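For reference, the chains in residue letters:
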Amino acid sequence: MTEFDTASQDAATLETAPTRYIEGGGIRFAYRHLGPSTGTALVLLQHFSGNIDAWDPAVVNALAADRPVIVFDNAGVGRSTGQTPDNIAAMARDAVAFIKLLGLSEVDLLGFSLGGCVAQQIAAEHGRLVRKLILVGTAPKGGEEHLLTVLQDAFSQSEAPDVRLPLFFTKSSASRSAGLAFLKRAKVRKEDRDTDNGGAVTDPQAKALITWCATPDPEHAILRAIRQPALVVSGSHDTMLPADNAYAMFKALSNAQLVLYPDSGHGALFQYHELFVSHVRTFLEA
């Protein structure tokens, strides 16, 4: 059991929790702590271009109902200082530095998209630090990605109220409706919202993700180095990092479970937020 040196955030939500800061190694990390002050913390690693307030409150708040949850900006992202690296290995080093600054000796990791690549790197290199691993909408090293093509298509859809609607959800009425509900939830916080740092973040992040997927790893060295229990999650129609990646990871990992959600895209965890939280809780508590 780990006890944080901050006051309990039991009643706080992603929309109301104060943004805190912790500094080390020349980087000032921005983060929010939700949930109890004791227990194994679940650390969330965010997607390409995302910051703290890009998470879905319905996911984060529900997960924090019975466990500590930490959402943070890695180096250079949002309100964290430093420079955003252009490779996964450096992003993983920065994330581990942040976790250690919090005084945490064991955590669970939930990595979404780009964050899932970072989570794989951390779990492979720091077996004692990571207890369990949740990989959502992500890809193994050498996996399949269509980042630039999908981004170009999404930004061409000028009628969309937010680029995340075509990026994260399918064209079906059910998925689109879920996407609009997600966008509404994600915009509830008005005060002390996180910041978007534009190309200074997205350019190196895009290079990191594309390079990760373009680097062959035929023996799945990273995945085979991961001995922790893993939950692999994907949407059936993820156009950015296709579901074939999830099945490849499931087969290569030594102790993995696989969940595929129907009629869903890259944001399957937001479309099926209640079901996703239930699956995560079952996995973490087993």
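About the cut-offs
Residues numbered from 1 in each chain as written. Predicted model: local features only at pLDDT ≥ 70, side-chain atom pairs only at ≥ 80, totals over all residues. Heavy atoms only, no water. 1 Å grid on protein atoms, 1.4 Å probe; cavity = no way out; pocket = protein on both sides within 12 Å on 5 of 7 lines; lining within 4 Å. Points joined across faces, edges and corners; volume = space filled by probe spheres on them. Helix = DSSP H or I, 4+ residues; strand = E, 2+ residues; numbered from the N terminus. Nonpolar A, V, L, I, M, F, W, Y, C, P; charged D, E, K, R; others polar. Buried < 20%, exposed > 50% of the residue type's maximum accessible area, 1.4 Å probe, protein only. Pairing = 2+ DSSP bridges. Right-handed = clockwise from strand over helix to strand, strands pointing away. Polar contact = N/O pair within 3.5 Å; in protein donor to acceptor, adjacent residues only side chain to side chain. Contact = heavy atoms within 4.5 Å.

- The chain appears in an unreviewed UniProt entry as Alpha/beta hydrolase from Mesorhizobium huakuii.

## Thoughts on the layout of surface pockets
Where empty space is left can be seen by rolling a probe of water-molecule size over the atoms.
And then number 1: Approximately 500 Å³ is the volume attributed to the largest pocket.
And then number 2: Listed by contribution, the elements that provide at least two residues to the lining of the largest pocket are α4 (147-156) and α5 (164-168).
And then number 3: Residue contributions to the lining of the largest pocket peak at three residues, all from α5.
And then number 4: Tallied by class, residues from the lining of the largest pocket come to nine nonpolar, nine polar and seven charged.
And then number 5: Looking at the second largest pocket, its volume works out to about 310 Å³.
And then number 6: As for the second largest pocket, its lining consists of 16 residues, and the residues nearest its centre are Q157, P166, F169, T170 and K171.

## Describing the pairing of strand β4 (residues 69-72)
And then number 1: The two faces of β4 match: V69 and V71 on one face and I70 and F72 on the other face are all buried.
And then number 2: Where strand β2 (residues 27-34) lies against β4, four bridges are found, and the strand directions are antiparallel. What sits directly across from H33, in β4, is I70.
And then number 3: Examined bridge by bridge, strand β3 (residues 41-45) and β4 share three bridges and lie parallel to one another. Residue pairing in the sheet places L44 in a bridge with V71 of β4.
And then number 4: Handedness of the crossover joining β3 and β4 through helix α1 (residues 57-63): right-handed.

## So, the side chain of N51
And then number 1: Residue position: N51 is located in the loop between β3 and α1.
And then number 2: In terms of polar contacts, N51 uses its side chain to reach the backbone amide nitrogen of D53, at 3.0 Å.
And then number 3: A distance of 3.0 Å separates a polar atom in the side chain of N51 from the backbone oxygen of T195.
And then number 4: Beyond its immediate chain neighbours, meaning those up to four positions away, N51 contacts Q46, D73, V77, G78, D194, T195 and D196.

## A closer look at empty space enclosed by the protein
And then number 1: Under the counting rule described, the total for this entry stands at three cavities of 30 Å³ or more.
And then number 2: Looking at the largest cavity, its volume works out to about 190 Å³.
And then number 3: Lining the largest cavity are 17 residues, with Q46, N74, V77, L114 and Q205 sitting closest to its centre.
And then number 4: The element that contributes the greatest number of residues to the lining of the largest cavity is helix α3 (residues 114-125), accounting for three residues.
And then number 5: Tallied by class, the residues present in the lining of the largest cavity amount to nine nonpolar, seven polar and one charged.

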